[in-house]
Amino acid sequence: MANDIRFLSSVNFYANETNRSANLGQLAETQDGRKFRYVLAGVTTLVVGDLQQSQAETTNFKDMAAQAIAAIGATVVPVTLGGTATAVTETSAGNLIGGLLVVSATPGIGQFSRILTHDTQTSTTGTANITIEDPLTVATSTSSLITAYPSPWRNNIIHPTTSTGISTGVAVFAIVNAKYGWLQTGGLGACLGDATASTAANQALSPSVSTAGAVTKAVTLAERIGTSYPVATVSA
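Predicted model only: the values in this text are computed from it and were never measured. (Residues numbered from 1 in each chain as written. Predicted model: local features only at pLDDT ≥ 70, side-chain atom pairs only at ≥ 80, totals over all residues. Heavy atoms only, no water.)

Explain the overall build of the protein to me, please; I cannot follow it from the model alone.
Scanning the protein from terminus to terminus reveals zero helices and 16 strands. Relative to the 2.2 N^0.38 estimate, which gives 18 Å for 236 residues, the radius of gyration of the protein is 19 Å and therefore close to what a compact globule would have. C-alpha extents for the protein along the principal axes are approximately 60 × 40 × 30 Å. For the protein, the proportion of its 236 residues judged to be buried stands at 41%. For the protein, the proportion of contacts with a sequence separation of at least 24, taken over those separated by at least 6, is 63%. About 11,500 Å² of surface is accessible on the protein, with carbon and sulfur atoms providing 56% of the total. Between the averaged position of the 11 positive side-chain charges in the protein and that of its 13 negative side-chain charges there is a distance of 4 Å. (Helix = DSSP H or I, 4+ residues; strand = E, 2+ residues; numbered from the N terminus. Rg over C-alpha atoms; globule rule 2.2 N^0.38 Å. Buried < 20%, exposed > 50% of the residue type's maximum accessible area, 1.4 Å probe, protein only. Contact = heavy atoms within 4.5 Å. Areas by Shrake-Rupley, 256 points an atom, 1.4 Å probe, with all protein chains shown as cover. Lys, Arg positive; Asp, Glu negative; His and termini not counted. Charge placed at Lys NZ, Arg CZ, Asp CG, Glu CD.)

How do you make sense of a nonpolar patch on the surface when you look at a structure like this?
On the surface, a nonpolar cluster with roughly 320 Å² of combined accessible area is contributed by Leu100, Phe112 and Tyr149. In this fold, tyrosine 149 is placed in strand β10 (residues 145–149). (Patch = residues over 30% accessible without salt bridge, like charges linked within 9 Å, V, L, I, M, F, W, Y side chains within 5 Å. Salt bridge = Lys/Arg side-chain N within 4 Å of Asp/Glu carboxyl O.)

Is there a simple way to think about the pattern of salt bridges in this case?
Close approach of charged atoms lets side chains of opposite charge pair. Counted according to the given criterion, the structure contains four salt bridges. With its nearest N and O atoms 3.4 Å apart, the salt bridge here joins glutamate 90 to arginine 20. Separated by 70 residues along the polypeptide, glutamate 90 in the loop between β6 (76–80) and β7 (100–105) and arginine 20 in the loop between β1 (6–7) and β2 (27–29) bring together distant segments of the chain. A relative accessible area of 33% places arginine 20 in the partly exposed class. Glutamate 133 serves as the salt-bridge partner of arginine 114, at 3.1 Å between the closest nitrogen and oxygen. Highlighted residues: arginine 114 in strand β8 (residues 112–118) and glutamate 133 in the loop between β9 (127–132) and β10, separated in sequence by 19 residues. For arginine 114, a relative accessible area of 31% puts it in the partly exposed group. Here the residues in one salt-bridge network are Arg20, Glu90 and Arg154, joined through shared partners.

Would you explain the confidence of the model for the protein in this entry?
When pLDDT is averaged along the protein, the result is 92, and 93% of the positions lie at 70 or above. Here residues 232–236 is a poorly scored stretch, pLDDT under 50, and it has one contact once near neighbours within four places are set aside; other chains count. (pLDDT = per-residue confidence, 0-100.)

Written out as structure tokens, the structure is:
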């Protein structure tokens, strides 16, 4: 499965897929500049026109203890899990494949790489080997801390009124739970707006805090996700 940008002629944005046909997060672009990302729907069907979000963030993968030394050139980083078991099942919240590993404390701080695979570990505080794409350029030790971020394109949900992850795009098709499909992430598009969105013409937008799956006029200190054209009032 290629990682290059895929163009409209080779992509059907309006379909559910049972079998994954691209990497999660794969970027596709149309001739008019609209951009899309390939995602896996979470526990519910993603509603057309609604803003979506990554699976709820857990802090259990943050600052995990390095279980053993990983030398320069190593692509396997052993960690002690911080409270969530790991699994390679596609819909598991403990699936880190396609996410990002970061060395978050010295030695080796600041290094990061895409996660290729990892052990299945049923113990929430057991040890697991995480295999990364890019070799380490600085060795880690048992004093190092490791943070792993699951792919934001896995287990997407309709954006709740209280953000628990990052915005991932707008559904252009009703992707059924545990199926694959495409979200629009850039270019001209449409999204559900709350009662305040109509005052946001030509201004920045944020996820709504009053209507799930909607956008609103940009909120101070909240995530900024795009710019609004004049908004027409519609019924949800």
